[in-house]
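Report on the structure
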Amino acid sequence: MLMQPNNNQYDFILNPEKQKKAPIDLKANPKMLFGFIGFCLFVIVIIFILLNAVINSGNNSQKNNLTEITKAQTELIRIADLPSKDESATETTKYRALNVKVTTISSQSSISSMLAKRGVKKVNPKVLASSKDPSVDASLEKATKNNKFNDTYNQILEEKLQQYKILIQKAYDSGNKAEKATLKPIYQNVDALLTTKK
């Protein structure tokens, strides 16, 4: 049996010869070299920007948490001063308010220190002033007229302390190890204030 030569006219499709590509010589082609280096630098810059954005978003979130705590502290201190200005406040209410005030003031420096470490030297006084809840004053004024100042005051104080406690927990959950160590006793003090009822 004689083998016939393969004269198939479609052989180039069925059995294409694989051409070897020469490797790119970046040294011989400076434009390609600079293009490659530029592309690599571009990718590195993009990665750096993305990492920085991720890191700063966590930092900004915690700044906001700590600022909210500072606002809550400002309002708690203001509310704690109210019984001393009202003649119908009992000594028990005044004492509880004083405990809240002293405990809150003692924790302010810790929160300010944490904010400073995150780049906030001082919270804007306008931001702190925005924490004032006018409904508190209206409710207490109405309660004084109805001879229910103490009950209303303690209910409001309870609500504000609960809100404060939630803010501390949120900051604790988002904080670093040092912040958690600082926030834990503040949380425990607020918890103790909540168990000290009228």
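Residues numbered from 1 in each chain as written. Predicted model: local features only at pLDDT ≥ 70, side-chain atom pairs only at ≥ 80, totals over all residues. Heavy atoms only, no water.

A closer look at the overall build of the chain
Along the chain, the regular secondary structure elements total seven helices and zero strands. Here the chain, with 198 residues, has 29% of them falling under the buried criterion. Long-range contacts, defined here as pairs at least 24 residues apart, represent 78% of the contacts in the chain between residues at least 6 apart. When the accessible surface of the chain is totalled, it reaches about 14100 Å², and 59% of it is carbon and sulfur. (Helix = DSSP H or I, 4+ residues; strand = E, 2+ residues; numbered from the N terminus. Buried < 20%, exposed > 50% of the residue type's maximum accessible area, 1.4 Å probe, protein only. Contact = heavy atoms within 4.5 Å. Areas by Shrake-Rupley, 256 points an atom, 1.4 Å probe, with all protein chains shown as cover.)

Some words on the packing of aromatic side chains
Enumeration over the complete set of coordinates arrives at one aromatic pair. Lying across the ring of Tyr 172, Lys 180 places its NZ or CZ 5.4 Å from the centre. (Phe/Tyr/Trp six-rings, centres within 6.5 Å; stacked < 30°, edge-to-face > 60°. Lys NZ or Arg CZ within 6 Å of the ring centre and 35° of its normal.)

What about the pattern of salt bridges?
According to the stated counting rule, one finds ten salt bridges in the structure shown. The salt bridge involving Arg 78 is made with Glu 75; its shortest N-O contact spans 2.9 Å. One end of the pair is Arg 78 and the other is Glu 75, both in helix H2 (residues 30-81) and three residues apart, which spans about a single turn. Owing to a relative accessible area of 5%, Glu 75 belongs among the buried residues under this scheme. Glu 158 serves as the salt-bridge partner of Arg 96, at 2.9 Å between the closest nitrogen and oxygen. One end of the pair, Arg 96, is in helix H3 (residues 91-117); the other, Glu 158, is in helix H6 (residues 149-174), and 62 residues separate them in sequence. Like Glu 158, Arg 96 is buried. Sharing partners across several salt bridges, the network here consists of Glu 75, Arg 78 and Asp 137. (Salt bridge = Lys/Arg side-chain N within 4 Å of Asp/Glu carboxyl O.)

What about the side chain of Thr 67?
Tracing the backbone shows Thr 67 in helix H2. In this structure Thr 67 comes out as buried when scored by relative accessible area, which is 17%.

Observations concerning a nonpolar patch on the surface
Among the surface-exposed residues, Phe 39, Phe 42, Val 43, Val 45, Ile 46, Ile 47, Phe 48, Ile 49, Leu 50 and Leu 51 lie close enough to one another that they form a single nonpolar patch of about 990 Å² accessible area. You can see Ile 46 is positioned in helix H2. Take Ile 46: its relative accessible area is 36%, and that puts it in the partly exposed class. (Patch = residues over 30% accessible without salt bridge, like charges linked within 9 Å, V, L, I, M, F, W, Y side chains within 5 Å.)

Re the nonpolar core
Here is a general trend for soluble globular proteins: nonpolar side chains tend to be buried in one another's company. Formed by 31 residues in total, the largest nonpolar core has its most connected members in Ile 69, Ile 111, Tyr 153, Leu 161, Tyr 164 and Leu 183. Those elements that provide at least two residues to this core are H2, H3, helix H5 (134-145), H6 and helix H7 (177-195). A per-element tally of this core places H6 first, with eight residues. Not counting residues within four places of it along the chain, the set of residues in contact with Ile 111 comprises Leu 66, Ile 69, Thr 70, Gln 73, Leu 183 and Ile 186. (Core = buried A, V, L, I, M, F, W, Y, C linked by side-chain atoms within 4.5 Å.)

Description of the packing of H6 against H7
Where H6 contacts H7, the axes come no closer than 10 Å and their chain directions differ by 160°. Between H6 and H7, the angle falls in the class roughly antiparallel. Considering the relative orientation of H6 and H7, their crossing is left-handed. Residue-level inspection shows Glu 158, Leu 161, Gln 162, Tyr 164, Lys 165, Ile 168, Gln 169, Ala 171, Tyr 172 and Asp 173 of H6 in contact with H7, the latter providing Lys 180, Leu 183, Lys 184, Ile 186, Tyr 187, Val 190, Asp 191, Leu 193 and Leu 194. Residue composition of the contact of H6 with H7, grouped by class: eleven nonpolar, two polar and six charged. (Axes fitted to C-alpha atoms, helices over the stretch in contact; angles between N-to-C directions. Parallel < 35°, antiparallel > 145°, perpendicular 65-115°, else oblique. Left-handed = near helix turned anticlockwise from the far one by under 90°. Nonpolar A, V, L, I, M, F, W, Y, C, P; charged D, E, K, R; others polar.)

Here we look at the confidence of the model for the chain
For the chain, the average pLDDT comes to 83, and 81% of its residues sit at 70 or higher. Predicted confidence in the chain is weakest over helix H1 (residues 11-14), with a mean pLDDT of 62, and strongest over H6, with 93. (pLDDT = per-residue confidence, 0-100.)

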